[in-house]
Amino acid sequence: MTFEVNEVDGTRFATFGEGPHLIIAVHGITASLMAWGAVGRRLPEGWRLVAMDLRGRGHSAALPGPYGLPRHAEDVLRVAEHVGAGPGTVLTGHSMGAYVAALAAARHDFARVVLVDGGLPLPSPPEGSDADQALESTLGPALARLRQTFPSAEAYVDFFKAHPAFAGHWNDDVEAYVRYDLTGPEGGLRSRTVEEAVRQDGRWMFLEPERIGAALQEIDAPIRLLRAPRGLLNQDVGMLPDDLALPWVARLPRLSDEVVPDCNHYTILFDDRCASTVVTRLISP
């Protein structure tokens, strides 16, 4: 996989493909720009995709906090301006990146916004619990990984191969995504993702549903929601089940909804068929 890497104000971004038609892509809460590699390399001629490492992740990990989704939206808009995004630009985000994309699209005009398994307000934490507990119940294994060290890159790859979402779905794109995330010395390798960034961003998602809903209603562009029917750990229930998504589809006339069959929260971007579907929806008006 080949792509061009650049930086603006400490934010690393990569460009996949080339051409006049532009897509800005935002990754998830513990991910990196390489989450978009499989989509980027499937783009047809004339299209390019710019994917950035959010602060606290990937090669933008050293950028300081405070974090929070509005801060990430500012970074997205700065990168978009730097690469010459115009009114024909498509904005997309996966998982937490979809929420960031919604906030950015409420402040800037895009041709369309594609939310991939994210972007809709999440239910409030159950009575008697708080945002940190909700975050642990949703992202507990991922948070634990951020505190682990690994003796080698191969050990980290093997760790991900055992992940329920990737078991039976491993490919070169997933491996490139996993290897990109590593930093540190041999014998003490770890994820580049900053745990405090994940915690601050997760709290924001759970505690600010009204701001997310308001942003969705302020977007003037068509919004396309692509949902995975299976969850983060390949559970039978996805991150955005019907009872959460359909009321928003009814509420927002500009929002269209599609369940991409036979994929989970991660393979929607990595599986050949699912990633190809995402590409088709990104480039089609």
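Owing to the predicted nature of the structure, the values given are computational and were not obtained by experimental measurement. (Residues numbered from 1 in each chain as written. Predicted model: local features only at pLDDT ≥ 70, side-chain atom pairs only at ≥ 80, totals over all residues. Heavy atoms only, no water.)

J.: Just give me the short version of the pattern of salt bridges, but keep the residues and values in it.
T.: The tally for this structure, following the rule as stated, stands at 18 salt bridges. Note that Arg78 and Asp9 form a salt bridge whose closest N and O atoms lie 3.2 Å from each other. On the criterion of sequence distance, the pair formed by Arg78 in helix α2 (residues 69-82) and Asp9 in the loop between β1 (4-8) and β2 (11-17) is long-range, its members being 69 residues apart. Since its relative accessible area comes to 24%, Arg78 is described here as partly exposed. Given a relative accessible area of 58%, Asp9 falls into the exposed group. Across the pair Arg199 and Glu195 runs a salt bridge, and its minimum N-O distance is 3.0 Å. Here Arg199 pairs with Glu195, and both are found in helix α7 (residues 195-207), just four residues apart, close to one helical turn. (Salt bridge = Lys/Arg side-chain N within 4 Å of Asp/Glu carboxyl O. Helix = DSSP H or I, 4+ residues; strand = E, 2+ residues; numbered from the N terminus. Buried < 20%, exposed > 50% of the residue type's maximum accessible area, 1.4 Å probe, protein only.)

J.: A description of the pairing of strand β4 (residues 47-52) should follow, citing residues and the corresponding values.
T.: Of all six residues in β4, five are buried; the element is thus mostly enclosed. The pairing of β2 with β4 spans five bridges and is classified as antiparallel. Counterpart to Phe16 in the pairing with β4 is Leu49. As paired elements, strand β3 (residues 21-26) and β4 share five bridges and run parallel to each other. Each bridged residue has a counterpart across the sheet, and for His21 the counterpart in β4 is Trp47. (Pairing = 2+ DSSP bridges.)

J.: Could you give an account of the sheet that holds β2, naming the residues involved and the relevant values?
T.: Taken together, the eight strands give an open sheet; going across it, the order is β1-β2-β4-β3-β5-β6-β9-β10, and neighbouring strands pair in mixed fashion. Each edge of the open sheet carries a strand with a single partner, namely β1 and β10 (255-259). On average, each strand axis in the sheet is tilted by 20° relative to the strand beside it, whichever way the strands run. (Axes fitted to C-alpha atoms, helices over the stretch in contact; angles between N-to-C directions.)

J.: Now, about helix α6 (residues 172-180): what can you tell me, with residues and values included?
T.: Residues spaced three or four apart along an α-helix face the same direction, because each turn holds 3.6 residues. The set of residues buried in α6 consists of Asp173, Val174, Tyr177, Val178 and Tyr180. Buried positions in α6, seen along its axis, are confined to an arc of 165° and lie on one side of it. Here the buried face of α6 lies against β2, α1 (37-40), α5 (153-161), β7 (182-183) and α10 (267-270). Two or three places before Asp173, at the start of α6, stands the capping residue Asn171, its side-chain oxygen 3.0 Å from that residue's backbone nitrogen. (Arc of directions from axis to C-beta. Contact = heavy atoms within 4.5 Å. Polar contact = N/O pair within 3.5 Å; in protein donor to acceptor, adjacent residues only side chain to side chain.)

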